[in-house]
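Now for the letters of each chain:
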Amino acid sequence: MLILIAGPYRSGTGDDPAKMAENLKRLEEPSHALFRAGHVPMIGEWVALPVWHAAGGARIGDDLYEEIFHPVAGRLLALCDAVLRLPGDSKGADNDVRIARERGIPVYYSLQDVPGCSEARVT
């Protein structure tokens, strides 16, 4: 399955790039276990960040940022087979879950609940 990993990225960071990088690292933590189970992990920021930079993005939260970041997740969800929702407050991740449910896409809240990952550990 193509699995969107959703969780906090910008939330709670005060737009501090170092804190956002820490959040991205946390989003990436389950990616290896998903891959080892035969899935393809996907994180919206893996797509949105290069698109934003290529478009001339200059400031987190600017109009261009808003134009790209949340729509990327919506477009990815048209391709994804499931969502893995990681803990933590995040309006974007909550929106991903809402969209997934509307589209009948399974949402998992634990890596161990993802098919093939019952023995998996985040590495």
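Description of the structure in this document. Just so it is clear, the structure is predicted and the values come from calculations on it, not from any experiment. (Residues numbered from 1 in each chain as written. Predicted model: local features only at pLDDT ≥ 70, side-chain atom pairs only at ≥ 80, totals over all residues. Heavy atoms only, no water.)

## As for the packing of aromatic side chains
Each aromatic ring pair is described using two quantities: the centre-to-centre distance and the angle formed by the ring planes.
Moving on, step 1. Under the definition given, this model contains four aromatic pairs.
Moving on, step 2. For the ring pair Tyr-9 and Phe-69, a centre distance of 6.4 Å and an interplane angle of 10 degrees mean the geometry is stacked. With Tyr-9 in the loop between β1 (2-6) and α1 (17-28) and Phe-69 in helix α4 (residues 63-77), the pair connects residues that are 60 residues apart, well separated along the chain. Accessibility classification places Tyr-9 together with Phe-69 in one group, the buried group.
Moving on, step 3. Here Trp-52 and Tyr-65 contribute two aromatic rings whose centre-to-centre distance is 5.5 Å and whose plane-to-plane angle is 90 degrees, an arrangement assigned as edge-to-face. Taken together, the residues span a long stretch of sequence, with Trp-52 in helix α3 (residues 44-54) and Tyr-65 in helix α4 at a distance of 13 residues. (Phe/Tyr/Trp six-rings, centres within 6.5 Å; stacked < 30°, edge-to-face > 60°. Helix = DSSP H or I, 4+ residues; strand = E, 2+ residues; numbered from the N terminus. Buried < 20%, exposed > 50% of the residue type's maximum accessible area, 1.4 Å probe, protein only.)

## Side note on the pattern of salt bridges
Moving on, step 1. All chains considered together, the criterion is met by four salt bridges.
Moving on, step 2. A salt bridge links Asp-15 to Arg-10, with the nearest nitrogen and oxygen atoms 2.6 Å apart.
Moving on, step 3. A relative accessible area of 28% means that Asp-15 is categorised as partly exposed.
Moving on, step 4. For Arg-10, a relative accessible area of 29% puts it in the partly exposed group.
Moving on, step 5. Taking the shortest distance from any N to any O, the salt bridge between Glu-66 and Arg-10 comes out at 3.1 Å. Of this pair, Glu-66 sits in helix α4 while Arg-10 sits in the loop between β1 and α1, and the two are 56 residues apart along the sequence.
Moving on, step 6. On the basis of relative accessible area, Glu-66 is assigned to the partly exposed category, the value being 37%. (Salt bridge = Lys/Arg side-chain N within 4 Å of Asp/Glu carboxyl O.)

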